[in-house]
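# Chain and residue survey
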Amino acid sequence: MARTTRRSTTHLSRRLVQLYAGLALYGASSALLVRAELGLEPWGVLHQGLAELTGISIGVVSIIVGAVVLLLWIPLRQRPGLGTVSNVFVVGLAMDGTLAVVGELDGYGFRVPALVLGIVLNGVATGLYIAARFGPGPRDGLMTGLNRVTGRSIRLVRTAIEVAVVATGFALGGSLGVGTVVYALAIGPLAQLFLRVFALPEPTAPAVTAVPGTTAVPAVTAVPGTTAVPGVAAASGQPSTPAPPVGSGPVAAPAPGQAILPQ
């Protein structure tokens with residue numbers, strides 16, 4: 001029992017590490033796309049456009065937008081998990097933190113590698129936090145909720161959301177470019193790859209151990225002239241007393257350690 005508890009605790013600890021490492025890396029990778037200035041992912045275009053409009057940092061805008069999207073889950077009857085709520089805050093904070101450390105990049109010799117690294121790390125981050133199984137992000141939950149309520153396909157719902165998000169963000173001044181296209185083409189295969197890499201095994205069920213002084217019997221086999229009863233095992237390794245034929249005389253008292261099988 002203690003060993004099973006330790007395994008469960010270790011499994012939970014690894015899931016939590018994956019969740020928060022993935023969310024922090026997602027924010028950092030999004031910041032690299034901002035510094036590359038070659039086009040952002042669809043929601044990043046909206047975040048940047050709102051940041052330009054309001055003067056608020058893009059990370060804080062990401063937190064506000066995530067919270068608003070999470071409120072939209074209420075009429076869709078979606079249930080958030082730990083990963084959902086954490087996504088709202090951790091990604092935005094990690095993005096602002098990375099932008100504070102990584103300054104503006106000059107020339108394509110720095111910006112193109114930053115774009116490629118940002119997209120790859122975004123795929124790694126997606127595999128990490130989704131494989132942790134603590135609930136989808138607010139934006140993914142909006143997509144699955146609309147899919148369930150409207151009956152439309154995931155592909156159609158996701159496309160409609162991202163087209164609306166990109167168009168709104170671009171109109172507000174968000175960065176739309178070749179990086180947006182490359183991200184859209186690469187993120188699916190990358191996420192699928194790293195979901196397999198970071199997939200966690202399900203915790204195993206505890207094994208059945210025989211009680212000292214008894215014999216563990218995987219299956220009950222009838223002995224000629226007796227009645228086999230599922231789930232009944234002889235104690236102390238001694239055979240069960242055969243049931244007498246119907247209408248026979250009194251049954252003799254069993255020997256110590258034996259069990260009487262019901263007719």
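As the structure is a computational prediction, the values presented were derived from the model and not from experiment.

Turning next to the packing of helix 2 (residues 42-54) against helix 8 (residues 154-171). Following both chains from N to C, one finds helix 2 and helix 8 inclined at 30°, their axes separated by 7 Å at the closest point. Comparing the axis directions of helix 2 and helix 8 gives the class roughly parallel. With respect to the hand of their crossing, helix 2 and helix 8 are arranged in left-handed fashion. Of helix 8, the residues touching helix 2 (which contributes Pro-42, Trp-43, Val-45, Leu-46 and Gly-49) are Ile-161, Glu-162, Val-165, Val-166, Thr-168, Gly-169 and Phe-170. In terms of residue class, the contact of helix 2 with helix 8 is built from 8 nonpolar, 3 polar and 1 charged.

Residues Trp-43 and Ile-161 are the most contacted members of the largest nonpolar core, which totals 41 residues. In this structure Ile-161 touches Trp-43, Leu-142, Met-143 and Leu-146, once residues within four positions along its chain are discounted.

So, about helix 5 (residues 82-101). Along its 20 residues, helix 5 runs 28 Å from first to last C-alpha, staying within 8% of the 28 Å computed at 1.5 Å per residue. Maximal helix bending in helix 5 amounts to about 30°, located at Val-88. Among the residues of helix 5, Gly-83, Thr-84, Ser-86, Asn-87, Val-88, Val-91, Gly-92, Ala-94, Met-95, Thr-98 and Leu-99 are the ones counted as buried.

So, about the environment of Val-157. By the element assignment, Val-157 lies in helix 8. In this structure, the C-alpha to C-alpha distance between Val-157 and Met-143, residues 14 residues apart in sequence, is 6.3 Å. Every residue in contact with Val-157, bar those within four places of it in the chain, is listed here: Met-143, Leu-146, Asn-147, Thr-150 and Arg-152.

Tracing the backbone shows Arg-35 in helix 1 (residues 2-36). The side chain of Arg-35 is buried and forms no salt bridge, while Glu-104, the nearest opposite charge, is found at 4.9 Å. Among all residues touching Arg-35, those that are not within four sequence positions of it are Leu-99, Val-102, Gly-103, Glu-104, Leu-105 and Arg-111.

Parameters at a glance
Residues numbered from 1 in each chain as written. Predicted model: local features only at pLDDT ≥ 70, side-chain atom pairs only at ≥ 80, totals over all residues. Heavy atoms only, no water. Axes fitted to C-alpha atoms, helices over the stretch in contact; angles between N-to-C directions. Helix = DSSP H or I, 4+ residues; strand = E, 2+ residues; numbered from the N terminus. Parallel < 35°, antiparallel > 145°, perpendicular 65-115°, else oblique. Left-handed = near helix turned anticlockwise from the far one by under 90°. Contact = heavy atoms within 4.5 Å. Nonpolar A, V, L, I, M, F, W, Y, C, P; charged D, E, K, R; others polar. Core = buried A, V, L, I, M, F, W, Y, C linked by side-chain atoms within 4.5 Å. Buried < 20%, exposed > 50% of the residue type's maximum accessible area, 1.4 Å probe, protein only. Expected span 1.5 Å × (residues − 1). Bend = angle between axes of the 7 residues up to and from the residue. Lys, Arg positive; Asp, Glu negative; His and termini not counted. Salt bridge = Lys/Arg side-chain N within 4 Å of Asp/Glu carboxyl O.

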